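Examining the three-dimensional arrangement
Here is how the chains run, residue by residue.
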Amino acid sequence: MPEDSIDHIDFDELNKRAISQPLVKHIYTADPSAHVFNGKIYIYPSHDVDAGDAFDDLGSHFAMEDYHVLSMDSPTSEAVDNGLALHVNDVPWAAKQMWAPDAAEKDGKYYLFFPAKDHEGIFKIGVAVSDSPVGPFTPQSEAIKNSFSIDPAVFKDDDGSYYMYFGGIWGGQLQRWRTGKFNADQPESPVAFLPEENEPALCPKVAKLTDDLLEFAEDVKDVLITDENGQPLLQGDTDRRFFEASWLHKYNGKYYFSYSTGDTHYLCYAIGDNPYGPFKYAGRILEPVVGWTSHHSICAFENKWYLFYHDSSLSKGVTHLRSVKVTELIHDENGFIKTIKPYND
(Lines give C-alpha, C1' and ligand atoms only; values in the text may rest on other atoms or scores of the structure.)
Protein backbone atom coordinates (compact mmCIF):
# COMPACT_ATOMS: atom_id res chain seq x y z
CA MET A 1 0.00 0.00 0.00
CA PRO A 2 1.47 3.39 -0.91
CA GLU A 3 2.25 5.29 2.26
CA ASP A 4 3.59 8.73 2.96
CA SER A 5 7.23 8.78 3.97
CA ILE A 6 7.89 8.94 7.71
CA ASP A 7 11.60 9.69 7.36
CA HIS A 8 11.06 13.32 8.32
CA ILE A 9 9.23 12.54 11.58
CA ASP A 10 11.00 13.03 14.90
CA PHE A 11 9.05 10.50 16.94
CA ASP A 12 10.32 11.76 20.27
CA GLU A 13 8.97 15.17 19.37
CA LEU A 14 5.77 13.72 17.93
CA ASN A 15 5.05 11.82 21.12
CA LYS A 16 5.48 15.01 23.11
CA ARG A 17 2.88 16.67 20.87
CA ALA A 18 0.45 13.74 21.04
CA ILE A 19 -2.78 14.52 22.87
CA SER A 20 -2.64 11.11 24.56
CA GLN A 21 -0.18 8.31 25.19
CA PRO A 22 -0.49 4.55 24.56
CA LEU A 23 -2.61 2.81 27.18
CA VAL A 24 -0.18 -0.12 27.24
CA LYS A 25 3.36 -0.38 25.91
CA HIS A 26 4.35 -4.01 26.53
CA ILE A 27 2.29 -5.24 23.57
CA TYR A 28 0.94 -3.56 20.45
CA THR A 29 -2.82 -3.04 20.37
CA ALA A 30 -5.20 -1.56 17.83
CA ASP A 31 -8.85 -1.21 16.77
CA PRO A 32 -10.13 -0.61 20.33
CA SER A 33 -13.77 -1.42 21.07
CA ALA A 34 -14.53 0.10 24.46
CA HIS A 35 -17.51 -0.64 26.70
CA VAL A 36 -18.51 0.06 30.27
CA PHE A 37 -19.58 -3.09 32.10
CA ASN A 38 -20.39 -2.96 35.82
CA GLY A 39 -18.95 0.53 36.15
CA LYS A 40 -15.59 -0.35 34.63
CA ILE A 41 -14.12 0.23 31.17
CA TYR A 42 -13.22 -2.85 29.12
CA ILE A 43 -11.37 -2.46 25.83
CA TYR A 44 -11.37 -5.19 23.18
CA PRO A 45 -8.50 -4.47 20.78
CA SER A 46 -6.64 -6.31 18.07
CA HIS A 47 -3.27 -7.65 19.23
CA ASP A 48 -0.69 -6.56 16.68
CA VAL A 49 2.33 -8.76 16.03
CA ASP A 50 5.23 -8.54 13.62
CA ALA A 51 4.79 -11.78 11.71
CA GLY A 52 7.09 -10.83 8.86
CA ASP A 53 4.38 -11.00 6.21
CA ALA A 54 4.80 -8.94 3.08
CA PHE A 55 3.22 -5.50 2.93
CA ASP A 56 0.33 -5.43 0.48
CA ASP A 57 -3.08 -3.86 -0.05
CA LEU A 58 -4.75 -7.10 1.06
CA GLY A 59 -3.46 -6.47 4.58
CA SER A 60 -1.39 -9.66 4.77
CA HIS A 61 0.99 -7.99 7.23
CA PHE A 62 -1.89 -7.66 9.70
CA ALA A 63 -1.38 -11.23 10.91
CA MET A 64 -2.93 -11.02 14.37
CA GLU A 65 -3.69 -14.38 15.99
CA ASP A 66 -5.20 -13.71 19.42
CA TYR A 67 -6.99 -11.23 21.66
CA HIS A 68 -6.15 -9.62 25.00
CA VAL A 69 -8.75 -7.58 26.91
CA LEU A 70 -7.68 -4.35 28.59
CA SER A 71 -9.51 -2.90 31.58
CA MET A 72 -9.50 0.53 33.25
CA ASP A 73 -11.21 1.88 36.34
CA SER A 74 -11.57 5.24 34.57
CA PRO A 75 -10.32 6.90 31.36
CA THR A 76 -7.38 8.39 33.27
CA SER A 77 -6.38 5.29 35.25
CA GLU A 78 -3.76 2.72 34.33
CA ALA A 79 -4.84 0.09 31.82
CA VAL A 80 -4.49 -3.55 32.82
CA ASP A 81 -3.77 -6.33 30.33
CA ASN A 82 -5.88 -9.28 31.45
CA GLY A 83 -3.96 -11.81 29.37
CA LEU A 84 -4.97 -14.16 26.60
CA ALA A 85 -8.74 -14.13 26.00
CA LEU A 86 -8.99 -16.12 22.76
CA HIS A 87 -6.51 -17.62 20.27
CA VAL A 88 -7.13 -18.50 16.64
CA ASN A 89 -6.05 -22.08 17.35
CA ASP A 90 -9.09 -22.44 19.63
CA VAL A 91 -11.55 -21.50 16.86
CA PRO A 92 -12.40 -24.54 14.70
CA TRP A 93 -13.55 -22.62 11.65
CA ALA A 94 -10.82 -19.93 11.70
CA ALA A 95 -7.39 -20.12 10.07
CA LYS A 96 -5.74 -16.72 10.54
CA GLN A 97 -5.98 -12.93 10.79
CA MET A 98 -7.99 -12.24 13.93
CA TRP A 99 -8.80 -8.64 13.06
CA ALA A 100 -10.79 -5.95 14.88
CA PRO A 101 -13.23 -7.41 17.45
CA ASP A 102 -16.09 -6.13 19.58
CA ALA A 103 -17.98 -7.32 22.65
CA ALA A 104 -21.41 -7.17 24.25
CA GLU A 105 -23.02 -8.19 27.53
CA LYS A 106 -26.42 -9.79 28.06
CA ASP A 107 -27.86 -11.45 31.16
CA GLY A 108 -24.46 -11.76 32.82
CA LYS A 109 -22.80 -13.37 29.80
CA TYR A 110 -20.14 -11.68 27.69
CA TYR A 111 -19.88 -12.12 23.95
CA LEU A 112 -16.75 -11.53 21.89
CA PHE A 113 -17.42 -10.95 18.19
CA PHE A 114 -14.46 -11.30 15.86
CA PRO A 115 -13.55 -11.60 12.18
CA ALA A 116 -11.08 -14.15 10.86
CA LYS A 117 -10.27 -15.84 7.59
CA ASP A 118 -11.65 -19.35 7.36
CA HIS A 119 -9.73 -22.27 5.87
CA GLU A 120 -10.77 -21.12 2.38
CA GLY A 121 -9.30 -17.65 2.90
CA ILE A 122 -12.69 -15.97 3.26
CA PHE A 123 -13.37 -13.54 6.10
CA LYS A 124 -16.30 -14.53 8.32
CA ILE A 125 -17.44 -13.31 11.73
CA GLY A 126 -17.53 -15.53 14.79
CA VAL A 127 -18.69 -15.24 18.37
CA ALA A 128 -17.25 -16.58 21.62
CA VAL A 129 -18.84 -16.53 25.07
CA SER A 130 -17.56 -16.08 28.63
CA ASP A 131 -18.84 -15.54 32.16
CA SER A 132 -16.26 -12.78 32.54
CA PRO A 133 -15.73 -9.60 30.50
CA VAL A 134 -12.03 -10.47 30.25
CA GLY A 135 -12.51 -14.09 29.20
CA PRO A 136 -11.27 -16.62 28.47
CA PHE A 137 -13.91 -16.92 25.75
CA THR A 138 -15.26 -20.18 24.35
CA PRO A 139 -15.92 -19.91 20.61
CA GLN A 140 -18.83 -21.36 18.70
CA SER A 141 -17.79 -24.16 16.37
CA GLU A 142 -18.99 -22.32 13.26
CA ALA A 143 -18.97 -18.73 12.09
CA ILE A 144 -22.22 -16.77 12.25
CA LYS A 145 -24.40 -17.97 9.39
CA ASN A 146 -24.48 -15.51 6.47
CA SER A 147 -21.70 -13.39 8.01
CA PHE A 148 -18.89 -12.05 5.87
CA SER A 149 -16.19 -9.37 5.74
CA ILE A 150 -14.69 -7.73 8.85
CA ASP A 151 -15.00 -5.26 11.73
CA PRO A 152 -18.08 -6.33 13.70
CA ALA A 153 -19.49 -3.67 16.02
CA VAL A 154 -22.45 -4.57 18.22
CA PHE A 155 -24.83 -1.88 19.48
CA LYS A 156 -27.46 -2.39 22.19
CA ASP A 157 -30.44 -0.07 21.74
CA ASP A 158 -32.62 1.24 24.53
CA ASP A 159 -35.30 -1.39 23.84
CA GLY A 160 -32.84 -4.23 24.44
CA SER A 161 -32.31 -5.06 20.77
CA TYR A 162 -28.77 -5.81 19.61
CA TYR A 163 -27.52 -4.91 16.13
CA MET A 164 -24.27 -5.89 14.44
CA TYR A 165 -22.63 -3.49 11.99
CA PHE A 166 -19.78 -4.81 9.86
CA GLY A 167 -17.85 -4.64 6.61
CA GLY A 168 -14.62 -3.37 5.11
CA ILE A 169 -13.41 -2.92 1.56
CA TRP A 170 -10.06 -3.88 -0.03
CA GLY A 171 -8.53 -6.58 2.21
CA GLY A 172 -11.81 -6.78 4.13
CA GLN A 173 -13.38 -8.37 1.02
CA LEU A 174 -16.71 -6.49 1.17
CA GLN A 175 -16.54 -5.78 -2.56
CA ARG A 176 -16.36 -9.52 -3.28
CA TRP A 177 -19.90 -10.01 -1.92
CA ARG A 178 -21.75 -7.61 -4.24
CA THR A 179 -23.70 -10.44 -5.91
CA GLY A 180 -24.62 -12.12 -2.63
CA LYS A 181 -21.91 -14.75 -2.85
CA PHE A 182 -18.12 -14.59 -2.60
CA ASN A 183 -16.32 -13.74 -5.84
CA ALA A 184 -12.92 -15.44 -5.71
CA ASP A 185 -11.69 -14.12 -9.07
CA GLN A 186 -8.53 -11.95 -9.18
CA PRO A 187 -7.50 -13.07 -5.68
CA GLU A 188 -4.43 -10.81 -5.56
CA SER A 189 -6.40 -7.63 -6.29
CA PRO A 190 -7.74 -5.61 -3.34
CA VAL A 191 -9.80 -3.33 -5.57
CA ALA A 192 -11.37 -5.74 -8.06
CA PHE A 193 -15.19 -5.52 -8.06
CA LEU A 194 -15.35 -2.11 -6.40
CA PRO A 195 -17.93 0.30 -7.86
CA GLU A 196 -16.76 2.95 -10.30
CA GLU A 197 -15.89 6.33 -8.82
CA ASN A 198 -19.16 7.90 -10.02
CA GLU A 199 -21.28 5.07 -8.60
CA PRO A 200 -22.70 4.88 -5.05
CA ALA A 201 -20.09 3.73 -2.55
CA LEU A 202 -20.29 0.26 -1.07
CA CYS A 203 -22.35 0.31 2.11
CA PRO A 204 -21.45 -1.11 5.49
CA LYS A 205 -23.87 -3.79 6.66
CA VAL A 206 -26.23 -4.27 9.60
CA ALA A 207 -28.33 -7.10 10.99
CA LYS A 208 -30.28 -7.47 14.21
CA LEU A 209 -29.02 -10.35 16.35
CA THR A 210 -31.06 -13.20 17.77
CA ASP A 211 -31.94 -13.19 21.47
CA ASP A 212 -28.94 -15.41 22.27
CA LEU A 213 -26.62 -13.07 20.30
CA LEU A 214 -25.22 -16.03 18.37
CA GLU A 215 -26.82 -15.53 14.94
CA PHE A 216 -28.43 -12.94 12.68
CA ALA A 217 -32.17 -12.61 13.27
CA GLU A 218 -32.79 -11.19 9.80
CA ASP A 219 -31.32 -10.70 6.36
CA VAL A 220 -28.29 -8.43 6.23
CA LYS A 221 -29.14 -4.86 5.19
CA ASP A 222 -27.17 -1.97 3.71
CA VAL A 223 -26.31 1.00 5.93
CA LEU A 224 -26.78 3.97 3.62
CA ILE A 225 -24.62 7.05 4.19
CA THR A 226 -25.83 10.13 2.35
CA ASP A 227 -24.53 13.59 1.55
CA GLU A 228 -26.16 16.84 2.64
CA ASN A 229 -28.75 16.47 -0.12
CA GLY A 230 -29.78 12.95 0.84
CA GLN A 231 -27.90 11.34 -2.05
CA PRO A 232 -25.67 8.27 -1.48
CA LEU A 233 -21.99 9.09 -1.07
CA LEU A 234 -20.05 8.07 -4.18
CA GLN A 235 -17.16 5.62 -4.32
CA GLY A 236 -14.88 8.37 -5.58
CA ASP A 237 -15.66 10.56 -2.56
CA THR A 238 -12.77 9.02 -0.68
CA ASP A 239 -12.65 11.74 2.00
CA ARG A 240 -16.18 10.77 3.14
CA ARG A 241 -17.17 7.32 1.88
CA PHE A 242 -17.09 4.22 4.06
CA PHE A 243 -14.00 2.01 4.04
CA GLU A 244 -14.10 0.07 7.35
CA ALA A 245 -14.38 0.38 11.16
CA SER A 246 -18.12 0.72 11.81
CA TRP A 247 -19.30 2.00 15.19
CA LEU A 248 -22.66 3.20 16.50
CA HIS A 249 -23.49 5.30 19.53
CA LYS A 250 -26.63 7.13 20.59
CA TYR A 251 -26.69 10.72 21.80
CA ASN A 252 -29.77 12.79 22.66
CA GLY A 253 -32.03 10.35 20.81
CA LYS A 254 -30.01 10.41 17.59
CA TYR A 255 -27.97 7.53 16.17
CA TYR A 256 -24.37 8.30 15.26
CA PHE A 257 -22.75 5.95 12.76
CA SER A 258 -18.97 6.45 12.63
CA TYR A 259 -16.35 4.84 10.45
CA SER A 260 -12.94 5.10 8.80
CA THR A 261 -12.31 6.34 5.26
CA GLY A 262 -9.32 3.98 5.03
CA ASP A 263 -6.92 5.18 2.37
CA THR A 264 -7.60 8.85 3.21
CA HIS A 265 -7.18 8.15 6.94
CA TYR A 266 -10.12 10.07 8.43
CA LEU A 267 -12.58 9.01 11.10
CA CYS A 268 -15.98 10.37 10.03
CA TYR A 269 -19.55 10.20 11.27
CA ALA A 270 -23.10 10.46 10.04
CA ILE A 271 -26.37 10.94 11.95
CA GLY A 272 -29.70 9.13 11.62
CA ASP A 273 -33.03 8.60 13.34
CA ASN A 274 -32.96 4.81 13.74
CA PRO A 275 -30.40 1.97 13.88
CA TYR A 276 -30.82 1.12 10.20
CA GLY A 277 -30.28 4.64 8.88
CA PRO A 278 -30.05 6.29 6.47
CA PHE A 279 -27.29 8.32 8.07
CA LYS A 280 -26.49 11.83 6.86
CA TYR A 281 -22.80 12.70 6.72
CA ALA A 282 -21.98 15.16 9.51
CA GLY A 283 -18.21 15.60 9.61
CA ARG A 284 -14.87 14.31 10.87
CA ILE A 285 -14.17 12.96 14.32
CA LEU A 286 -10.39 12.52 14.06
CA GLU A 287 -7.78 13.86 11.69
CA PRO A 288 -5.16 11.38 10.37
CA VAL A 289 -2.81 9.67 12.81
CA VAL A 290 0.68 8.32 12.16
CA GLY A 291 0.15 4.91 10.56
CA TRP A 292 -2.04 3.87 7.64
CA THR A 293 -5.11 2.71 9.52
CA SER A 294 -7.57 4.59 11.69
CA HIS A 295 -10.07 2.61 13.78
CA HIS A 296 -11.97 3.64 16.87
CA SER A 297 -14.82 3.32 19.32
CA ILE A 298 -16.87 5.82 21.29
CA CYS A 299 -18.28 5.29 24.76
CA ALA A 300 -19.62 7.29 27.68
CA PHE A 301 -18.25 7.13 31.22
CA GLU A 302 -19.69 9.18 34.08
CA ASN A 303 -21.50 11.63 31.77
CA LYS A 304 -18.51 12.30 29.53
CA TRP A 305 -17.81 10.80 26.13
CA TYR A 306 -14.50 9.33 25.02
CA LEU A 307 -12.87 8.39 21.75
CA PHE A 308 -10.69 5.28 21.81
CA TYR A 309 -8.37 5.11 18.80
CA HIS A 310 -4.87 4.02 17.81
CA ASP A 311 -1.74 5.22 16.10
CA SER A 312 1.74 3.90 15.27
CA SER A 313 3.75 6.38 17.33
CA LEU A 314 5.16 3.82 19.78
CA SER A 315 6.53 1.64 16.96
CA LYS A 316 7.87 4.76 15.24
CA GLY A 317 5.57 4.51 12.29
CA VAL A 318 5.27 0.77 11.64
CA THR A 319 1.79 0.53 10.15
CA HIS A 320 0.88 -2.86 11.59
CA LEU A 321 2.31 -2.22 15.08
CA ARG A 322 -0.17 0.15 16.65
CA SER A 323 -1.06 1.37 20.14
CA VAL A 324 -4.46 2.13 21.65
CA LYS A 325 -5.11 5.62 23.02
CA VAL A 326 -8.04 7.54 24.50
CA THR A 327 -9.14 11.18 24.54
CA GLU A 328 -12.30 13.04 25.46
CA LEU A 329 -14.91 13.50 22.73
CA ILE A 330 -17.24 16.48 22.80
CA HIS A 331 -20.67 16.91 21.21
CA ASP A 332 -21.43 20.62 20.74
CA GLU A 333 -24.71 22.35 21.56
CA ASN A 334 -26.14 21.28 18.19
CA GLY A 335 -25.12 17.65 18.59
CA PHE A 336 -22.16 17.77 16.23
CA ILE A 337 -18.86 16.22 17.25
CA LYS A 338 -15.89 18.54 17.60
CA THR A 339 -13.07 17.38 15.30
CA ILE A 340 -10.04 16.11 17.18
CA LYS A 341 -6.41 16.64 16.14
CA PRO A 342 -4.27 13.73 17.43
CA TYR A 343 -1.16 15.90 17.75
CA ASN A 344 -0.80 19.49 18.93
CA ASP A 345 0.73 21.94 16.49
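Details of the structure are given in the entry above.
Before going into details, it helps to say that this report is about the structure given with it. (Residues numbered from 1 in each chain as written. Predicted model: local features only at pLDDT ≥ 70, side-chain atom pairs only at ≥ 80, totals over all residues. Heavy atoms only, no water.)

Now for the sheet that holds strand β16 (residues 254-260). Taken together, the five strands give an open sheet; going across it, the order is β14-β18-β17-β16-β15, and neighbouring strands pair in mixed fashion. The open sheet has two free edges, formed respectively by β14 (225-226) and β15 (244-251), since each of these has just one partner strand. In this sheet, β16 lies alongside β15 in antiparallel orientation, the contact comprising six bridges. Across the sheet, Tyr-251 pairs through a bridge with Lys-254, a residue of β16. (Pairing = 2+ DSSP bridges. Helix = DSSP H or I, 4+ residues; strand = E, 2+ residues; numbered from the N terminus.)

So, on to the pairing of β16. Remark: a regular strand shows side chains that alternate across the two faces of the sheet. Across the seven residues of β16, six count as buried, placing the element largely inside the fold. As judged from the six bridges shared by β16 and strand β17 (residues 267-272), these two strands associate in the antiparallel manner. Paired with Tyr-256 across the bridge in β17 is Ile-271. (Buried < 20%, exposed > 50% of the residue type's maximum accessible area, 1.4 Å probe, protein only.)

So, about the pattern of salt bridges. Per the stated rule, a full pass over the model turns up 16 salt bridges. Notably, a salt bridge pairs Asp-48 with Arg-322, separated by 2.7 Å at the nearest N-O pair. In this pair, Asp-48 sits in strand β2 (residues 40-48) while Arg-322 sits in the loop between β20 (304-311) and β21 (323-329), placing the two residues 274 residues apart along the sequence. The exposure class assigned to Asp-48 is buried, which follows from its relative accessible area of 2%. Relative accessible area serves as the criterion here: at 3%, Arg-322 is assigned to the buried category. For the salt bridge of Arg-284 with Glu-287, the shortest nitrogen-to-oxygen distance reads 3.6 Å. Look at Glu-287 and you get partly exposed, because its relative accessible area is 22%. (Salt bridge = Lys/Arg side-chain N within 4 Å of Asp/Glu carboxyl O.)

Note on placement: Asp-332 falls in the segment after β21. Lys-338 is the oppositely charged side chain nearest to the buried, salt-bridge-free Asp-332, at an N-O distance of 6.7 Å. Engagement of the side chain of Asp-332 in a polar contact is seen with the backbone nitrogen of Asn-334, the distance being 2.8 Å. (Lys, Arg positive; Asp, Glu negative; His and termini not counted. Polar contact = N/O pair within 3.5 Å; in protein donor to acceptor, adjacent residues only side chain to side chain.)

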